[in-house]
Amino acid sequence: MIWDKTIELRNALKLMDRLNHKGEAIPFSIGFFTANRRKDTGGKFIEIDGAILSKHNKALPLHMRRVDGFGGSKKPSHYANSTRNVQSPDGSITKVHIRLIKKFNGHNIIW
């Protein structure tokens, strides 16, 4: 059945933000499309296994938790812009627009 492998976007966002009993981020898998209106590029589907939200990686200095590399210059306004910074296991950080997330932990995203 189609509903067996689906998850609502709001629930996926809550699961991304979870921490374990030690206060560490719980890794997840995510699949999303890229998009950049300024450069008129995108449309590539990317999947990352073992990702975490970069804000939860306290081992990184603040300026490295952000995609732009400037920790103190400007707040990223993730919630206002509907974006999240996702860190892959190799350490790279990608800004993801939440409306372009299509898979979370093997489940299809529904609104």
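Asker: Would you take a moment to explain the packing of aromatic side chains for this structure?
Answerer: Given two aromatic rings, one states the distance between the centres and the angle between the planes to describe the pair. Overall, the coordinates contain 2 aromatic pairs when judged by the stated rule. Their ring planes at 35° and their centres at 5.4 Å tell us that Phe28 and Phe104 sit as a pair that is tilted. With Phe28 in strand 2 (residues 28-36) and Phe104 in strand 6 (residues 101-104), this pair connects stretches of sequence that are 76 residues apart. Among the residues examined, Phe28 registers a relative accessible area of 3% and is labelled buried. A cation sits over an aromatic face here: Arg99 above Trp111, 4.4 Å from the ring centre.

Asker: Whenever I open this one, the confidence of the model for the chain confuses me. Can you help?
Answerer: Counting all residues, the mean pLDDT for the chain is 85, and 79% of those residues have values of 70 or more. Averaged pLDDT values for the elements of the chain fall to 60 in helix 2 (residues 62-65) and rise to 97 in strand 6.

Asker: Got a minute to help me understand the environment of Ile110 in this structure?
Answerer: Relative to the elements of secondary structure, Ile110 occurs in strand 7 (residues 107-110). Spatially, the C-alpha atom of Ile110 lies 6.0 Å from that of Leu9, the residues being 101 residues apart in sequence.

Asker: Sorry, what's going on with the nonpolar core here?
Answerer: Side chains of a nonpolar character, in soluble globular proteins, are inclined to be buried together. Core analysis: the largest hydrophobic core is formed by 17 residues, its most contacted members being Met16, Phe28, Ile30, Val86, Ile101, Phe104 and Ile109. At the level of elements, helix 1 (9-16), strand 2, strand 3 (41-53) and strand 6 are the ones that each hand at least two residues to this core. If one sorts the elements of this core by residue count, helix 1 sits on top with 4 residues. Other than its neighbours up to four places away in sequence, Phe28 contacts Met16, Ile48, Asp49, Gly50, Ala51, Ile52, Leu53, Val86, Phe104 and Asn105.

Cut-off values and rules
- Residues numbered from 1 in each chain as written.
- Predicted model: local features only at pLDDT ≥ 70, side-chain atom pairs only at ≥ 80, totals over all residues.
- Heavy atoms only, no water.
- Phe/Tyr/Trp six-rings, centres within 6.5 Å; stacked < 30°, edge-to-face > 60°.
- Helix = DSSP H or I, 4+ residues; strand = E, 2+ residues; numbered from the N terminus.
- Buried < 20%, exposed > 50% of the residue type's maximum accessible area, 1.4 Å probe, protein only.
- Lys NZ or Arg CZ within 6 Å of the ring centre and 35° of its normal.
- pLDDT = per-residue confidence, 0-100.
- Core = buried A, V, L, I, M, F, W, Y, C linked by side-chain atoms within 4.5 Å.
- Contact = heavy atoms within 4.5 Å.

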